[in-house]
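Given next are the chains, with one letter for each unit.
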Amino acid sequence: MSLIEITDVRKSFGPNEVLKGINLDVEPGEVIAIIGKSGSGKSTLLRCINGLETISDGSISVAGAQLLDDEAHLKALRLKVGMIFQQFNLFPHLTAGGNVMLSQMVVKKTPKPEAEEMARKMLERVGLDHKFDAYPDELSGGQQQRVAIARALAMQPIALLCDEITSALDPELVAEVLAVVRELAAEGMTLLMVTHEMRFARDVCSRVVFMHQGRVHEIGPPEEVFANPQTPELKQFLGVH
Amino acid sequence: MNYQFEFGWLFEYYPQIVKGIAITIQLIAVGAVAGISLGIVCAWVRALGPAWAKPVVAAYVELIRNTPFLIQLFFIFFGLPSLGLQLSELQAANLAMVVNLGAYSSEIIRAGIQATPKGQFEAGSSLAMTPFEIFRHVVLVPSLQRIWPALSSQVVIVMLGSAVVSQIAAEDLTFAANFIQSRTFRAFEAYMVSTAVYLLLAILLRQVLGMVGWLIFPRRAAR
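Keep in mind that this is a model prediction, so the values were computed, not measured.

A.B. asks: Whenever I open this one, the overall build of chain B confuses me. Can you help?
C.D. replies: Summing up its helical and strand segments, chain B has 8 helices and 0 strands in all. Reading chain B from its N end, one meets helices and strands in the order α-α-α-α-α-α-α-α. When its C-alpha atoms are laid out on the principal axes, chain B stretches across 75 × 45 × 30 Å. The buried share of chain B, taken over its 223 residues, is 48%. Put simply, 78% of the contacts in chain B that link residues at least 6 apart link residues at least 24 apart. Only carbon and sulfur atoms are counted for the fraction: they give 70% of the accessible area of chain B, which is about 11400 Å². Here chain B holds 14 positive side-chain charges and 10 negative ones, and the gap between their average locations is 15 Å.

A.B. asks: It is not clear to me how unusual backbone geometry should be interpreted in this structure. Could you clarify?
C.D. replies: Across residues other than glycine, the phi torsion is negative in most instances, and most of the peptide bonds are trans. At A63 of chain A, a position not held by glycine, the phi torsion is positive, near 45°. Tracing the chain through its elements places A63 of chain A in the loop between β4 (57-62) and β5 (65-66). Judged by its relative accessible area of 28%, A63 of chain A falls in the partly exposed class. A positive phi is found at A169 of chain B, a non-glycine position, where the angle reads about 65°.

A.B. asks: In this structure, what is going on with the UniProt feature "transmembrane region" (unreviewed entry) in chain B? I would like to understand it.
C.D. replies: Residue and element names in this part refer to chain B. Per the UniProt record, "transmembrane region" (unreviewed entry) is found at residues 21-49, 69-87 and 190-217. As annotated, residues 21-49 has a helix share of 97% and a strand share of 0%, and its two end C-alpha atoms lie 39 Å apart. Helix makes up 58% of residues 69-87 and strand 0%, with an end-to-end C-alpha separation of 17 Å.

A.B. asks: Would you mind going over helix α6 (residues 131-161) of chain B with me for this structure?
C.D. replies: Relative to the 45 Å expected for 31 residues at 1.5 Å per residue, α6 of chain B spans just 37 Å between its end C-alpha atoms, considerably shorter than the ideal helical length. Its maximal kink placed at W148 of chain B, α6 of chain B deviates by approximately 60°, while the proline P149 of chain B follows within four residues.

A.B. asks: Explanation requested: the UniProt feature "domain: ABC transmembrane type-1" (unreviewed entry) in chain B in the structure shown.
C.D. replies: In this numbering, the UniProt entry assigns the feature "domain: ABC transmembrane type-1" (unreviewed entry) to residues 21-209 of chain B. Its end C-alpha atoms 18 Å apart, residues 21-209 of chain B is made of 80% helix and 0% strand.

A.B. asks: Got a minute to help me understand the interface of chain A and chain B in this structure?
C.D. replies: Where interface size is quoted, it is often the accessible area lost as the parts come together. Across the contact, 26 residues belong to chain A and 24 residues belong to chain B. Three residues stand out in chain A for area buried against chain B, namely F91, P92 and H93 of chain A, and they jointly supply 25% of the buried area on that side. Here chain A is connected to chain B by 1 salt bridge. Where chain A packs against chain B, one counts 4 residue pairs in polar contact (both at pLDDT 80 or more). Contributing elements (two or more residues each) for the side of chain A that touches chain B: α2 (71-78), β6 (81-84), α3 (96-107) and α5 (141-153) of chain A. Among the elements that line the side of chain A that touches chain B, the one with the most residues is α3 of chain A, at 4 residues. Residue composition of the side of chain A that touches chain B, by class: 14 nonpolar, 4 polar and 8 charged.

A.B. asks: Looking at this structure, how should I read the confidence of the model for chain B?
C.D. replies: For residues with low pLDDT, the predicted coordinates do not support detailed interpretation. Residue and element names in this part refer to chain B. Mean pLDDT for chain B: 93, with 98% of residues reaching 70 or above. Across chain B, element-level confidence peaks in helix α2 (residues 54-65) with a mean pLDDT of 97 and bottoms out in helix α7 (residues 173-184) with 92. Across the interface, the model reports ipTM at 0.93; the global pTM reads 0.90.

A.B. asks: In this structure, what is going on with the sheet that holds strand β3 (residues 31-36) of chain A? I would like to understand it.
C.D. replies: Backbone-to-backbone hydrogen bonds join strands into a sheet, with any given pair of strands oriented parallel or antiparallel. Residues and elements named next belong to chain A. Taken in spatial order, the 6 strands line up as β6-β7-β8-β3-β9-β10 in an open sheet, and their pairing is mixed. The open sheet has two edge strands with one neighbour each: β6 and β10 (215-220). On average, adjacent strands in this sheet sit at an angle of 20° to one another, irrespective of strand direction. Judged from the 5 bridges that link them, strand β7 (residues 159-163) and strand β8 (residues 190-194) form a sheet pairing that is parallel. Across the sheet, residue L160 finds its bridge partner in β8, namely L191. Its contacts with the sheet place helix α1 (residues 42-49) against β3, β6, β7, β8 and β9 (207-212), and it is angled at close to 145° to β7.

A.B. asks: What exactly am I supposed to notice about the packing of helix α1 (residues 9-48) of chain B against α7 of chain B here?
C.D. replies: How two helices sit against one another is set out by the angle between their axes and by the gap between those axes. Residue and element names in this part refer to chain B. Direction vectors running N to C along α1 and α7 enclose 160°, while the axes themselves pass 7 Å from each other. Comparing the axis directions of α1 and α7 gives the class roughly antiparallel. Crossing geometry of α1 relative to α7 is assigned as right-handed. Contact residues: W9, Y13, Q16, I17, G20, I21 and T24 in α1; L173, A176, F179, I180, R183 and T184 in α7. Considered class by class, the residues forming the contact of α1 with α7 number 8 nonpolar, 4 polar and 1 charged.

A.B. asks: What am I meant to see in the packing of helix α4 (residues 89-114) of chain B against α6 of chain B here?
C.D. replies: Residue and element names in this part refer to chain B. Put simply, α4 and α6 touch, their axes get as near as 8 Å, and they point 130° apart. Classified by the interaxial angle, the pair formed by α4 and α6 is oblique. As for how α4 packs across α6, the hand of that crossing is right-handed. Residues M97, N100, L101, Y104, S105, I108, I109, G112 and I113 of α4 lie in contact with α6, whose contacting residues are F135, V139, S143, L144, R146, I147, A150, L151, Q154, V155 and V158. Of the residues assigned to the contact of α4 with α6, the class counts are 14 nonpolar, 5 polar and 1 charged.

Definitions and limits used
- Residues numbered from 1 in each chain as written.
- Chains lettered and ligands numbered in written order.
- Predicted model: local features only at pLDDT ≥ 70, side-chain atom pairs only at ≥ 80, totals over all residues.
- Heavy atoms only, no water.
- Helix = DSSP H or I, 4+ residues; strand = E, 2+ residues; numbered from the N terminus.
- Buried < 20%, exposed > 50% of the residue type's maximum accessible area, 1.4 Å probe, protein only.
- Contact = heavy atoms within 4.5 Å.
- Areas by Shrake-Rupley, 256 points an atom, 1.4 Å probe, with all protein chains shown as cover.
- Lys, Arg positive; Asp, Glu negative; His and termini not counted.
- Charge placed at Lys NZ, Arg CZ, Asp CG, Glu CD.
- UniProt positions renumbered as here; feature names shortened; annotations may be inferred.
- Expected span 1.5 Å × (residues − 1).
- Bend = angle between axes of the 7 residues up to and from the residue.
- Buried area = accessible area lost by both parts, 1.4 Å probe.
- Salt bridge = Lys/Arg side-chain N within 4 Å of Asp/Glu carboxyl O.
- Polar contact = N/O pair within 3.5 Å; in protein donor to acceptor, adjacent residues only side chain to side chain.
- Nonpolar A, V, L, I, M, F, W, Y, C, P; charged D, E, K, R; others polar.
- pLDDT = per-residue confidence, 0-100.
- Pairing = 2+ DSSP bridges.
- Axes fitted to C-alpha atoms, helices over the stretch in contact; angles between N-to-C directions.
- Parallel < 35°, antiparallel > 145°, perpendicular 65-115°, else oblique.
- Left-handed = near helix turned anticlockwise from the far one by under 90°.

Written as structure tokens, this is what we have:
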């Protein structure tokens, strides 16, 4: 059994079918890059996996937790997958430490001292232990995104979903965030990332998924997908002829 | 114009004035705390709450916002006893102020909640928080911070509006002024003193609300 099983997933927004039957199985420790044009459904697919979007048809399960549209099932699923967003979405009224502690205390009922210890450990992991008491608007974009990663990690997920996590960052800040992700991958974290960082995808990912018009158009190890694209759409997307 | 100002009565009547001030302060303290609490609950229902409760709260808010405060007060004090709910002047005045501020503040707070970026809800959800936990821990404080100046103004308006509770003989500051001018016939001076006290109270109240904001909102959370 795979860690994440996505089977025949369809998703429509009104009459507009965005996902037209997606099948994808992810093994533990895999790092998957999802690439494709905007509008190809890659972000929607990611958002379906932890229930931010409800699926119209098909099924998704993560480590045996089925995606069903009720609070108990959603909670069980979301405890297994963390998510990191393009816009960081840190809580502006809490410090970096507070951001990392909040869900531990609220959702897992972790006592405050333990939550704080975990928060310090996670912030250290992303190289920001010295920013524990800083508020989000005192941090650079790259630092905010690293806090967001620490916040997700503190819930001890078995997989992380990354939705274009470097797209809102200045070029010089992209590297610091990718370095953290690279480290996570090396530690064996299962990662699904929608990304435009092709070189990163080539270096770090175990498989690359090319999405086109709501379908998985091509899939394979990065050396194959990038060096030897099969379909004209992927060739065009990569700019090779 | 040769009107002779005469403030000698102050020595005789200052206990009434002090009592009036105390009651006005008590009215706004209870009104603000309970009214804003009620407003938060109503704002939550209208912005994020269960569908069945929304029309109930909407009806309450529209009823209060579209009728005079004086009529609400009379209804509570003179009308409710017919249903067997007998309240003292002060209880009726307190209840009227809470009900009134509850309705107005709920609309202000709702605006703050609805201005919350969608990403905040999504971040909360992705961390496995329930909708109520997200409201309580993620949405509420920044929402209140967004609308705190508007809410503070509304509290001051309600404090000044509390003058009408003298009409049901609740012994607030206005009641004291009326009482003094009917005894001394020094209307100008009596209302001048009460005007000055209201002005002072309003300024003080703004300061207090600013301080409360400073305490409950972290230094830098403006967004």
